[in-house]
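Chain by chain, the residues:
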Amino acid sequence: MLLNGIEIDSIVVGGVGTNCYIVRRENSDQCVVLDPGYSGRKIARHIHNEGCKLEDVLLTHGHFDHMMGVTFLMEEAGGRLCAFKDEQAVLEDPGLNVTAMAGSAMTLQADVYFRDGQVYETAGMKFTVIHTPGHTKGSCCYYLKDEGILFSGDTLFLESVGRTDLPTGNDRQIIESLKEKVLTLPDEVKVFPGHGPATEIGYERENNPYAAM
């Protein structure tokens, strides 16, 4: 999909249907990958077939279904691993990131840890990091402000939000993140979630039942 000068390829990976996004500026040979949950080598092949160089892997959070493809992907394609600073403990603990429960205990250490509101420039794009705790304590969204694009991870889905019953999840926090940080963005912002179809901020403000809580 080409949207406001940004090329977004989506690959659905793993048994729970995680959306992995390969993102680059139109006609650029540099890209970033968001949430390579599984199929790291498949994602790497896609990048190579497109003639791109991987600059960064951006994690919206550290759960198994969003990060288990990281090692294979980076072995094949390189890049830096990036996450929000409050997610470090989750990435480094197989109990907190649920890889132990999923049957393949795994830890990761990011090369770059973000702070809230930081603007991170990579592959010719400017991602604003929005800390959205609730699904996990270090969950975040990545916002391309100039292009009106948000990658929401498991904070916001079409007419729903992510679950909060896994380690470091919090009901109150995810509602606060939704209402105070995500749904305050402009109506026309296109949202690409961690699972399920894309949506828009204006639609979610009017139709997401969690917005009224």
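Residues numbered from 1 in each chain as written. Predicted model: local features only at pLDDT ≥ 70, side-chain atom pairs only at ≥ 80, totals over all residues. Heavy atoms only, no water.

### Some points on the packing of aromatic side chains
Aromatic ring pairs are defined here through the distance separating the ring centres and the angle between the ring planes. As a reminder, the rule being used: Under the pairing criterion, centres of Phe, Tyr and Trp rings, with the six-membered ring standing for Trp, must be within 6.5 Å; the plane angle then separates stacked pairs below 30 degrees from edge-to-face pairs above 60, leaving the rest tilted. Numbering of helices and strands starts at the N terminus; helices are DSSP runs of H or I of at least 4 residues and strands are runs of E of at least 2. Burial classification: accessible surface area is computed with a 1.4 Å probe over protein chains only, and a residue below 20% of its type maximum counts as buried, one above 50% as exposed, and the rest as partly exposed. The rule is short: NZ of Lys or CZ of Arg within 6 Å of the ring centre and within 35 degrees of the ring normal puts a charge over the ring.
Enumeration over the complete set of coordinates arrives at six aromatic pairs. When the ring of Tyr-21 is compared with that of Phe-151, the centres are 5.4 Å apart and the planes differ by 55°; the resulting orientation is tilted. With a gap of 130 residues between them, Tyr-21 in strand β3 (residues 18-25) and Phe-151 in strand β11 (residues 149-153) connect regions that are remote in the sequence. Each member of the pair, Tyr-21 as well as Phe-151, carries the same accessibility label: buried. Put simply, the rings of Phe-114, Tyr-120, Phe-127 and Tyr-142 pair up and form one aromatic cluster. One Lys or Arg, Arg-41, reaches over the ring of Phe-72 and ends 4.0 Å from the middle of that ring.

### Quick notes on the pattern of salt bridges
Applied cut-off: A carboxyl oxygen of Asp or Glu within 4 Å of a side-chain nitrogen of Lys or Arg is what we treat as a salt bridge.
Following the criterion strictly, the structure yields 10 salt bridges and no others. Here Arg-172 ties to Glu-176 by a salt bridge, and the two come within 3.0 Å at their closest N and O atoms. In this pair, Arg-172 and Glu-176 both sit in helix α5 (residues 171-182), four residues apart, roughly one turn of the helix. Residue Arg-205 is joined to Asp-187 by a salt bridge in which the shortest nitrogen-to-oxygen separation is 2.1 Å. Here Asp-187 lies in the loop between α5 and β12 (190-193) and Arg-205 lies in helix α6 (residues 201-207), a separation of 18 residues in the sequence. With a relative accessible area of 31%, Arg-205 lands in the partly exposed category. The exposure class assigned to Asp-187 is partly exposed, which follows from its relative accessible area of 43%.

### A few points about the sheet that holds strand β1 (residues 2-3)
Here is the rule: Only when DSSP finds a minimum of two bridges between them are two strands counted as paired. Contacts are assigned to residue pairs with any non-hydrogen atoms lying within 4.5 Å of each other. Between N-to-C directions, angles cover 0 to 180 degrees, with each direction set by a line fitted to C-alpha atoms, over the stretch in contact for helices.
With mixed pairing, seven strands are arranged side by side in an open sheet as β1-β2-β3-β4-β5-β6-β7. Taken across any chain shown, the strands that pair with only one partner, and hence form the sheet edges, are β1 and β7 (112-114). The pairing of strand β6 (residues 80-84) with β7 spans three bridges and is parallel. For Phe-84, the partnering residue across the bridge sits in β7 and is Phe-114. The strands touched by helix α3 (residues 70-77) within the sheet are β4 (30-34), β5 (53-58) and β6, with β5 carrying the most contacts at an inclination of about 160°.

### Structural notes on empty space enclosed by the protein
Definition in use: Points on a 1 Å grid over protein atoms alone make up a cavity when a 1.4 Å probe fits among them but cannot get out, and a pocket when they form an open set with protein on both sides within 12 Å along at least five of seven lines; lining residues each have an atom within 4 Å of a point. Grid points are joined across faces, edges and corners, and a volume is the space filled by probe spheres set on the points. The classification used treats Ala, Val, Leu, Ile, Met, Phe, Trp, Tyr, Cys and Pro as nonpolar, Asp, Glu, Lys and Arg as charged, and all other residues, Gly among them, as polar.
Scanning the entire structure with this criterion turns up one cavity of 30 Å³ or more. Space inside the largest cavity adds up to approximately 30 Å³. Forming the boundary of the largest cavity are Asn-19, Tyr-21, Leu-34, Asp-35, Thr-60, Phe-151, Gly-153, Phe-192, Pro-193 and Gly-194. Secondary-structure elements contributing two or more residues to the lining of the largest cavity are β3, β11 and β12. When the residues that make up the lining of the largest cavity are grouped by side-chain class, the tally is five nonpolar, four polar and one charged.

### Comments concerning the sheet that holds β12
Spatial strand order, β8-β9-β10-β11-β12-β13: six strands in an open sheet with mixed pairing. The two strands at the open ends of the sheet, each matched to only one other strand, are β8 (119-122) and β13 (199-200).

### Details of the environment of Pro-193
By secondary structure assignment, the location of Pro-193 is in strand β12. For Pro-193, a relative accessible area of 0% translates into the label buried. The spacing of Pro-193 and Gly-153 is 40 residues in sequence and 5.0 Å in space, taken between C-alpha atoms.

### Quick look at the environment of Pro-94
If you trace the backbone, Pro-94 turns up in the loop between α4 (88-91) and β7. Its relative accessible area of 22% is what places Pro-94 among the partly exposed residues. Separated by 36 residues in the primary sequence, Pro-94 and Leu-58 have C-alpha atoms spaced 19 Å apart. Every residue in contact with Pro-94, bar those within four places of it in the chain, is listed here: Thr-99, Ala-100, Ala-105, Met-106 and Thr-107.

### Topic: the packing of helix α1 (residues 40-49) against α3
Counted only if it meets this: Crossings are classed by handedness, with left-handed meaning an anticlockwise turn of the near helix from the far one by less than a right angle and right-handed meaning a clockwise turn.
Interhelical geometry of α1 versus α3 gives an angle of 35° and a closest axis separation of 7 Å. The hand of the α1/α3 crossing is right-handed. Residues Gly-40, Arg-41, Ile-43, Ala-44, Ile-47 and His-48 of α1 form the contact with α3, whose own contacting residues are Phe-72, Leu-73, Glu-75, Glu-76 and Ala-77. Across the contact of α1 with α3, the residue classes break down as six nonpolar, two polar and three charged.

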